[in-house]
Amino acid sequence: MGKKDIKRKRVESWLIENQKILNITGLETKLQFPKGTIHKFIKYERKMTDHRIETIDNMIKNIVYNYIDEI
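About the thresholds
Residues numbered from 1 in each chain as written. Predicted model: local features only at pLDDT ≥ 70, side-chain atom pairs only at ≥ 80, totals over all residues. Heavy atoms only, no water. Salt bridge = Lys/Arg side-chain N within 4 Å of Asp/Glu carboxyl O. Helix = DSSP H or I, 4+ residues; strand = E, 2+ residues; numbered from the N terminus. Buried < 20%, exposed > 50% of the residue type's maximum accessible area, 1.4 Å probe, protein only. Contact = heavy atoms within 4.5 Å. Expected span 1.5 Å × (residues − 1). Arc of directions from axis to C-beta.

Enquirer: So what's going on with the pattern of salt bridges? Which residues, and what values?
Expert: Following the criterion strictly, the structure yields seven salt bridges and no others. A salt bridge links aspartate 50 to lysine 4, with the shortest nitrogen-to-oxygen separation between them at 3.6 Å. Pair noted here: aspartate 50 is in helix H4 (residues 50-70) and lysine 4 is in helix H1 (residues 3-17), with a separation of 46 residues, a long-range link. In this structure, arginine 8 and glutamate 12 form a salt bridge, with 3.3 Å as the shortest nitrogen-oxygen distance. With a gap of four residues between them, arginine 8 and glutamate 12 both fall in helix H1, about one helical turn apart. Of the two residues examined, arginine 8 and glutamate 12, each falls in the buried class. A cluster of three or more residues bridged by salt bridges with shared partners is formed by Lys7, Arg10, Glu54, Asp57 and Lys61.

This is the structure:
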């Protein structure tokens, strides 16, 4: 399993685990994804592109790093 596959698994797991607390529509808007991109992944297991996985991964990292920096 390569780095790309590990990142994909990490992002997909994070989205699934946190779907109940995430505003999926707001997340898609913030990331400038077409409406329904993340929703279709969660509900219908539709695969997202590597670029979109990378974008979500970077957003999660930024949230965590910003939170840590505030402490």
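Enquirer: Describe the side chain of glutamate 28, with residues and values.
Expert: Mapped onto the elements, glutamate 28 comes out in helix H2 (residues 24-30). When sequence neighbours within four positions are dropped, the list of residues in contact with glutamate 28 reads Phe33, Pro34, Lys35, Gly36, Thr37, Ile38 and His39.

Enquirer: I'd like a description of H4, backed by residues and values.
Expert: The terminal C-alpha atoms of H4 lie 30 Å apart, and with 21 residues this matches the ideal 30 Å at 1.5 Å per residue to within 8%. Ile53, Ile56, Asp57, Met59 and Ile60 are the residues of H4 that are buried. Looking straight down H4, one finds that the buried residues subtend no more than 160 degrees of arc, so they occupy a single side. Exposed and facing more than 90 degrees away from the buried side of H4 are His51, Asp69 and Glu70.

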